[in-house]
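Residue-level listing of the chains:
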Amino acid sequence: MLVTYILSGFGVGLLVGMTGVGGGSLMTPLLTLLFGVTPSVAVGTDLAFASLTKSAGTVTHRSRGNVHWPIVGRLCMGALPAALLATLALQYLGPLNPAIGQTIRYSIAVSVMLTVVAILFRSKMLAWVNAKPGRQLQGRALSAATITAGAVLGTLVTVSSIGAGAIGATLLVMLYPKLSPAEIAGTDIAYAVPLTAIAAAGHWWLGSIDWMLLVTLLVGSVPGITLGSWAAKAVPERLLRALLAMTLAGVAFKLIS
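Everything numeric in this text was worked out from a predicted model, so none of it was measured.

## Quick word on the overall build of the protein chain
Next, step 1: On a plain count of helices and strands, the protein chain comes out with eleven helices and zero strands.
Next, step 2: Listed by position from the N terminus, the elements making up the protein chain come as α-α-α-α-α-α-α-α-α-α-α.
Next, step 3: Looking at the protein chain residue by residue over its 257 residues, the buried ones come to 53%.
Next, step 4: In the protein chain, once contacts between residues fewer than 6 apart in sequence are set aside, the share between residues at least 24 apart is 85%.
Next, step 5: Carbon together with sulfur atoms contributes 73% to the accessible area of the protein chain, which is approximately 11400 Å² in total.

In structure tokens, the structure reads:
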């Protein structure tokens, strides 16, 4: 079981490093379905796992020039306060009931599949935007949309541990279509570090983190995300785009299955 945990951490870390996607969307189902971890502990442990793993990924992506820090700042302006408020709501109201949780999962799955379409038809989407630049948000409108998107992400990630990568990548593709897949991955990973750290601290306060499991997963994930982050810019863009699309499609399938 120890080796299985390490290999799971490495596999998820590798995917996150290359695409920015797959942390909560893959690790939380793995912990609950494969390893039998209770949902609340799976969410808390996964958030701590994501914050530490993505810290390693951010360092590597930063050295490769893949992180757009102004976008990271705008996302965090919305995400971090939302994560704090969501944590307080969980403390006051308790976990979400199953019906609401399932609705959130289906909504995320639909959004992720829209991302797959956007990634596969990225060249056509760019041509459509470039034909009439007014179709893309600019200036204050773009900043406001990014901050609002961050607030939605902060809430989703805190209550479900899902959304930092999958929905983050979706929003980056839609709001900033000129970013390359490697830049999407790097920027997505960087903003997720403080978000998942705050959400994880909230779950630590709520007592829902398995620290021994976390350490075991990190043994595999840190080298995995470092390797994936280095490979993201070296891999041909078309291949990386296909990998990102396949990963997201798998995430969507897992969310609705």
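## Considering the packing of aromatic side chains
Next, step 1: Per the stated rule, a full pass over the model turns up one aromatic pair.
Next, step 2: Ring centres 5.4 Å apart and planes at 75 degrees place the aromatic pair tryptophan 204 and tryptophan 211 in the edge-to-face group.
Next, step 3: What makes tryptophan 211 partly exposed here is its relative accessible area of 41%.

## Details of the side chain of threonine 53
Next, step 1: Mapped onto the secondary structure, threonine 53 falls in helix α3 (residues 39-63).
Next, step 2: A relative accessible area of 3% means that threonine 53 is categorised as buried.

## Some thoughts on the packing of helix α1 (residues 2-19) against helix α10 (residues 211-234)
Next, step 1: In the contact formed by α1 and α10, the axes pass within 6 Å of each other and the chain directions differ by 30 degrees. As judged from the angle between their axes, α1 and α10 are roughly parallel. Crossing angle aside, the handedness with which α1 passes α10 is right-handed.
Next, step 2: Among the residues forming the contact of α1 with α10, the class breakdown is 15 nonpolar, nine polar and no charged.

## As for the nonpolar core
Next, step 1: Core analysis: the largest hydrophobic core is formed by 46 residues, its most contacted members being Leu31, Phe49, Tyr176, Tyr191 and Leu217.
Next, step 2: Broken down by secondary-structure element, the contributors of at least two residues to this core are α1, α2 (23-34), α3, α4 (69-93), α7 (139-160), α8 (166-175), α9 (181-206) and α10.
Next, step 3: A total of eight residues in this core trace back to one element, the largest contributor, which is α9.
Next, step 4: With near-sequence residues (within four places) excluded, leucine 217 lies in contact with Tyr5, Gly9, Met27, Leu31 and Phe49.
Next, step 5: Residues Ala182, Ala232, Val235 and Leu240 belong to the second largest nonpolar core, which totals five residues.

## What to know about the packing of α3 against α9
Next, step 1: Orientation of α3 relative to α9, taken along the N-to-C sense of each, is 140 degrees, at an axis distance of 7 Å. Comparing the axis directions of α3 and α9 gives the class oblique. For the pair α3 and α9, the sense of crossing is left-handed. Note on element contacts: α9 touches α3 through Ala182, Ala185, Gly186, Ile189, Ala190, Ala192, Val193, Thr196, Ala197, Ala199, Ala200 and His203, opposite Ser40, Val43, Gly44, Leu47, Ala48, Ala50, Ser51, Lys54, Ser55, Gly57, Thr58 and His61.
Next, step 2: Here the residues of the contact of α3 with α9 are counted per class, giving 13 nonpolar, ten polar and one charged.

## Regarding the environment of methionine 113
Next, step 1: Topologically, methionine 113 is positioned in helix α5 (residues 98-120).
Next, step 2: Residue classification places methionine 113 among the partly exposed residues on the basis of a relative accessible area of 37%.
Next, step 3: Leaving out residues up to four positions away in the same chain, methionine 113 has contacts with Ala249 and Ala252.

## A few points about the confidence of the model for the protein chain
Next, step 1: Taken residue by residue, the protein chain gives an average pLDDT of 79. The fraction at 70 or more is 82%.
Next, step 2: Looking at the elements of the protein chain, mean pLDDT is at its lowest for α5, recorded as 67, and at its highest for α4, recorded as 88.

Definitions and limits used
Residues numbered from 1 in each chain as written. Predicted model: local features only at pLDDT ≥ 70, side-chain atom pairs only at ≥ 80, totals over all residues. Heavy atoms only, no water. Helix = DSSP H or I, 4+ residues; strand = E, 2+ residues; numbered from the N terminus. Buried < 20%, exposed > 50% of the residue type's maximum accessible area, 1.4 Å probe, protein only. Contact = heavy atoms within 4.5 Å. Areas by Shrake-Rupley, 256 points an atom, 1.4 Å probe, with all protein chains shown as cover. Phe/Tyr/Trp six-rings, centres within 6.5 Å; stacked < 30°, edge-to-face > 60°. Axes fitted to C-alpha atoms, helices over the stretch in contact; angles between N-to-C directions. Parallel < 35°, antiparallel > 145°, perpendicular 65-115°, else oblique. Left-handed = near helix turned anticlockwise from the far one by under 90°. Nonpolar A, V, L, I, M, F, W, Y, C, P; charged D, E, K, R; others polar. Core = buried A, V, L, I, M, F, W, Y, C linked by side-chain atoms within 4.5 Å. pLDDT = per-residue confidence, 0-100.

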